[in-house]
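# Per-entry structural report
Each chain, written out:
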Amino acid sequence: MTELEYARARTIDEAVALLNEPGVRGRVLAGGTTLALQLRRQGPTWDRLVDITHVPDLLAIDLAGNWLSLGAAVTLTSLLDHTALVTAVPLLAEACRVAGAVQIRNRATLGGTVMNAAGCADLATVLVCLDAEALLASSHGTRRVPVANVLAEGIPPGELLCAFELDVPPEPARTAYLRVDRRRAIAGAQVSLAAIGQLDHDGRVADIRLVPGGVFEHPRRVPEVEGMLRGQPATETFGVAVGQRMRELFADRDEDRWSLPFKAHVVAALTERVLRRVLGGVG
Amino acid sequence: MRVAFSLNGAPVAVDVPVTATLLQVLREHLGLTGTKPGCEIGECGACSVLVNGQVVNACLLLAPQVGGAEVVTVEGLAGPDDDLHDLQRAFLEFGATQCGYCVPGMILAAEALLRRTLSPTRDEIRDAIAGNLCRCTGYQQIIDLIEAVAQRRRAATRQPIVAPEGARP
């Protein structure tokens, strides 16, 4: 067995080349908070680690008007340190603050949270809610794919996740990210819910996006529930009804997990709370 | 693989496997045992060190990742005459140490916070040490001492107020 090799890429092109050398099984290394554990548990299953955290393009945060681009190697801490971004997209900051201890936030990258694709990953949940697209580079060029698809399908080996691009939710929209967990700094979310909502002049729901984390295999929007809300007047009671629908959606899943009844109840409660925050007095 | 970095202000270079963690390098290759192994899965914070001024878990960093970086361990905080660092003294003063195993990591987490701000709120202090488990003290004294050290450093850096020239007292 050849010894595992470490290579530090300086550009996106160099990283792609290092990942695609014939006969060499390359693996992207970003913050390493997950990869270091995999190495300890399973030993190396690759020939080369390609460290992408020194590629300037992958560290860029570009906020231009209503358009935002976040490099895949941006750490949760550098996102939180970007004041203009925290103001423009508080949903991202809200998820970063609860996504682990400062030791983890200093290393963990946005790209890593998506590529590790835990069903409960905070940043992945929020990026899906923001309808973010992933920018992928390979030796064949670049392509753009919704983050939700990357989470569901993964990306082929040799392809590099470079950035996330999204439209900043317009001014009147309100956002919320709530999560239920044990000790926040060291445990992942058990159940979480990201939401973006907006009412029109008549107090009807103009836009609503809901993404539960830790509920489905991967975070995804729930058109079944969003459809119930769109165009409806925000009344006192419909948060409860929507929470109930969310609970059914989840409980209908044909799975025998001990945590299901607990999670179904939590999902319903989180839905009510989140709707109250993004649609005003609802629920 | 040869990895060179700055450790507590001095250049070091080690030959280690790519899979070696910074924690292993510090303790087993460089003999600095102030950095403690605890859970070794990034949950307890006992192995906290500073890398380029940021607090990280040394158990989750592969040695090559710190190539060229500035690493500070608890051994690097004491003064030139082995004087205790102000955070170390405060741990003793506030009775914030019992078994002591979490203390080096706690000190580095606190130091990272105080390098960012000398006016942290208690919530910010709690957040700064949320990744460091202590099974003895109940955290109260640790939060108190960090607040006190912040206040002392503020006082020490406060510029004396000088009356503008020509002004009368």
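Quick note: structure is the one above.
Below is a summary of the structure that appears in this document. Each chain carries its own residue numbering, running from 1 in the written order of its sequence. Throughout, the order in which chains and ligands are written sets their labels, letters from A for the former and numbers from 1 for the latter. The predicted origin of the model limits local features to residues at a pLDDT of at least 70 and limits the giving and counting of side-chain atom pairs to 80 or more, whereas totals for whole chains, interfaces and linings rest on all residues. To get the side-chain values, all heavy atoms of the structure are used, and hydrogens and water are removed first.

On to the overall build of chain B. Helix and strand assignments follow DSSP, with helices taken as H or I runs no shorter than four residues and strands as E runs no shorter than two, numbered in order from the N terminus. Scanning chain B from terminus to terminus reveals 5 helices and 5 strands. Scanning chain B from its N terminus toward the C terminus, one meets helices and strands in the order β-β-α-β-β-β-α-α-α-α. By principal-axis analysis of the C-alpha atoms, chain B measures approximately 70 × 40 × 30 Å. The contact rule is simple, with two residues in contact once any of their heavy atoms fall within 4.5 Å. Taking contacts inside chain B between residues at least 6 apart in sequence as the whole, the part at least 24 apart equals 57%. Only the protein chains shown count as covering a residue, and every accessible area follows the Shrake-Rupley method with a 1.4 Å probe. Counting every atom, chain B has about 8200 Å² of accessible surface; 51% of that belongs to carbon and sulfur. Separation of charge centres in chain B, based on 14 positive and 18 negative side chains, amounts to 5 Å. Charge assignment in this entry is limited to Lys and Arg as positive and Asp and Glu as negative, and neither His nor the chain termini are counted. Working definition for charges: the position is that of NZ of Lys, CZ of Arg, CG of Asp or CD of Glu.

Our next topic: the overall build of chain A. Per the secondary structure count, chain A includes 12 helices and 11 strands. Relative to the 2.2 N^0.38 estimate, which gives 19 Å for 283 residues, the radius of gyration of chain A is 20 Å and therefore close to what a compact globule would have. Each of the 283 residues in chain A was classed as buried or not, and the buried ones make up 55%. Long-range contacts, defined as pairs at least 24 residues apart, comprise 59% of the intrachain contacts of chain A with a sequence gap of at least 6. When the accessible surface of chain A is split by element, carbon and sulfur atoms take 52% of a total near 12300 Å². Our radius of gyration looks at C-alpha atoms and nothing else; its globule reference is 2.2 Å times the residue count to the power 0.38. Each residue gets one of three labels from its accessible area relative to the maximum for its type: buried under 20%, exposed over 50%, partly exposed in between, using a 1.4 Å probe on protein chains only.

Turning our attention to the packing of helix α2 (residues 86–93) of chain B against helix α3 (residues 103–116) of chain B. Residue and element names in this part refer to chain B. As a packed pair, α2 and α3 sit with axes 10 Å apart at the nearest point and diverge in direction by 125°. Judged by the inter-axis angle, α2 sits oblique to α3. Read as a crossing pair, α2 and α3 show a hand that is right-handed. Of the residues in α3, those in contact with Leu87, Gln88 and Phe91 of α2 are Val103, Met106, Ile107, Ala110, Glu111 and Leu114. Basically, the charged four are Asp, Glu, Lys and Arg, the nonpolar ten are Ala, Val, Leu, Ile, Met, Phe, Trp, Tyr, Cys and Pro, and anything else, Gly included, counts as polar. For the contact of α2 with α3, a count of residues per class yields 7 nonpolar, 1 polar and 1 charged. Each axis is a line fitted through C-alpha atoms, taken for helices only over the stretch in contact, and angles between the N-to-C directions span 0 to 180 degrees. Reported orientations rely on four angle classes, namely roughly parallel under 35 degrees, roughly antiparallel over 145, roughly perpendicular from 65 to 115, and oblique for the rest. Two helices cross in a left-handed way if the nearer one is turned anticlockwise from the farther one by less than a right angle. They cross in a right-handed way if the turn is clockwise.

Looking now at the pairing of strand β4 (residues 54–57) of chain B. Residue and element names in this part refer to chain B. Bridge analysis of strand β3 (residues 48–51) against β4 gives 4 bridges, and the strand direction is antiparallel. Each bridged residue has a counterpart across the sheet, and for Ser48 the counterpart in β4 is Asn57. Here, a strand pair is defined by DSSP locating no fewer than two bridges between the strands. Here β3 hands over to β4 after 2 residues, with Asn52 in that stretch at a positive phi of 50°.

Turning our attention to the sheet that holds strand β3 (residues 48–51) of chain A. All names here are of chain A. Taken in spatial order, the 3 strands make up an open sheet running β1-β3-β2, and their pairing is parallel. Of all the strands in the sheet, the pair left with one neighbour each is β1 (5–8) and β2 (26–29). Going from strand to strand, the sheet's axes swing by 25° on average, the running direction of each strand aside. Bridging between β2 and β3 involves 4 bridges; their strand directions are parallel. Considered in β3, the bridge of Leu29 is made with Asp51. The strands that helix α1 (residues 12–19) touches are β1, β2 and β3; relative to β3, the one it contacts most, it runs at about 170°. Contacting β2 and β3, helix α2 (residues 35–42) runs over the sheet at an angle of about 135° to β2.

Glancing now at the nonpolar core. Only buried Ala, Val, Leu, Ile, Met, Phe, Trp, Tyr and Cys residues count toward a nonpolar core, and they belong to the same one when joined by side-chain atoms within 4.5 Å. Core analysis: the largest hydrophobic core is formed by 77 residues, its most contacted members being Leu49, Leu92, Val114 and Val147 of chain A together with Phe5, Leu22 and Val51 of chain B. Per element, the largest residue contribution to this core is 6 residues, and it comes from helix α8 (residues 122–129) of chain A. Contact partners of Phe5 of chain B, with chain neighbours within four places excluded, come to Ala10, Pro11, Val12, Val14, Leu22, Val25, Leu30, Val66, Gly68, Ala69 and Val71 of chain B. Counting residues in hydrophobic clusters, the runner-up holds 31 residues, among them Leu50, Val72, Leu108 and Ala109 of chain B.

What follows deals with the interface of chain B and chain A. Opposite the 34 residues of chain B that make contact, chain A presents 31 residues. When the two sides are added together, the surface that chain B and chain A hide from each other amounts to roughly 2400 Å², 53% of it contributed by carbon and sulfur. Each of two parts loses accessible area, computed with a 1.4 Å probe, when they are put together; buried area is these two losses added. The three residues of chain B that bury the most area against chain A are Val18, Leu60 and Gln65 of chain B, which together make up 24% of that side's buried surface. Salt bridges are identified by distance alone: a Lys or Arg side-chain nitrogen within 4 Å of an Asp or Glu carboxyl oxygen. Taken together, chain B and chain A are joined by 2 salt bridges. A salt bridge links Asp127 of chain B to Arg105 of chain A; the nearest nitrogen and oxygen atoms lie 2.7 Å apart. Each polar contact in these results corresponds to two N or O atoms within 3.5 Å; when the atoms are within protein, one needs to be able to donate a hydrogen and the other to accept it, and residues that are neighboring in sequence are counted only if both atoms are side-chain atoms. Inspection of the chain B/chain A interface yields 13 residue pairs in polar contact (both at pLDDT 80 or more). Listed by contribution, the elements that provide at least two residues to the side of chain B that touches chain A are β4, α3 and α4 (122–128) of chain B. Ranked by the residues each element gives to the side of chain B that touches chain A, the list is headed by β4 of chain B, at 4 residues.

Nothing here speaks to function; it is all geometry.
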